[in-house]
Amino acid sequence: MNTDRIKAKAEALGERRADDIRDQLMQALRPVGVDVERSGAGICLVGKNLRRRMVDDPRLRNFGR
């Protein structure tokens, strides 16, 4: 068995799955005034008073679950 080849394939499959999940999160429903931006290795929620809103809004607390 060629372990390098197996590891490379596993990494490629993992990266493709992570990209699919990021795309799903980009399309997920969000409260008004909250946007999603791609960052280096994932996504970021952006919005005014986001920290307070995450405490108050269960949709934001559970975003991505």
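Right above here is the structure, for reference.
Residues numbered from 1 in each chain as written. Predicted model: local features only at pLDDT ≥ 70, side-chain atom pairs only at ≥ 80, totals over all residues. Heavy atoms only, no water.

Draft legend 1. Summary view of the overall build of the chain. For the chain, the count of helices and strands is three helices and two strands. Shown N-terminal to C-terminal, the secondary structure of the chain runs as helices and strands in the order α-β-β-α-α. Taken over the C-alpha trace, the chain has a radius of gyration of 16 Å; the compact-globule value for 65 residues is 11 Å, which it surpasses by more than 25%. Each principal axis of the C-alpha atoms in the chain carries an extent, and together these give about 55 × 20 × 15 Å. When the 65 residues of the chain are sorted by exposure, 17% land in the buried category. Of the contacts formed within the chain by residues at least 6 apart in sequence, a portion of 20% connects residues at least 24 apart. Here the chain displays about 5500 Å² of accessible surface, and carbon together with sulfur accounts for 51% of that area. Averaging the coordinates of the 15 positive side-chain charges in the chain and doing the same for the 10 negative ones gives two points 4 Å apart. (Helix = DSSP H or I, 4+ residues; strand = E, 2+ residues; numbered from the N terminus. Rg over C-alpha atoms; globule rule 2.2 N^0.38 Å. Buried < 20%, exposed > 50% of the residue type's maximum accessible area, 1.4 Å probe, protein only. Contact = heavy atoms within 4.5 Å. Areas by Shrake-Rupley, 256 points an atom, 1.4 Å probe, with all protein chains shown as cover. Lys, Arg positive; Asp, Glu negative; His and termini not counted. Charge placed at Lys NZ, Arg CZ, Asp CG, Glu CD.)

Draft legend 2. How the structure looks around the pairing of strand 2 (residues 43-47). Relative to strand 2, strand 1 (residues 34-38) runs antiparallel, the two sharing five bridges. Each residue of the ladder has a partner; that of Asp35, found in strand 2, is Val46. Hairpin connection, strand 1 to strand 2: the antiparallel pair is bridged by four residues. (Pairing = 2+ DSSP bridges.)

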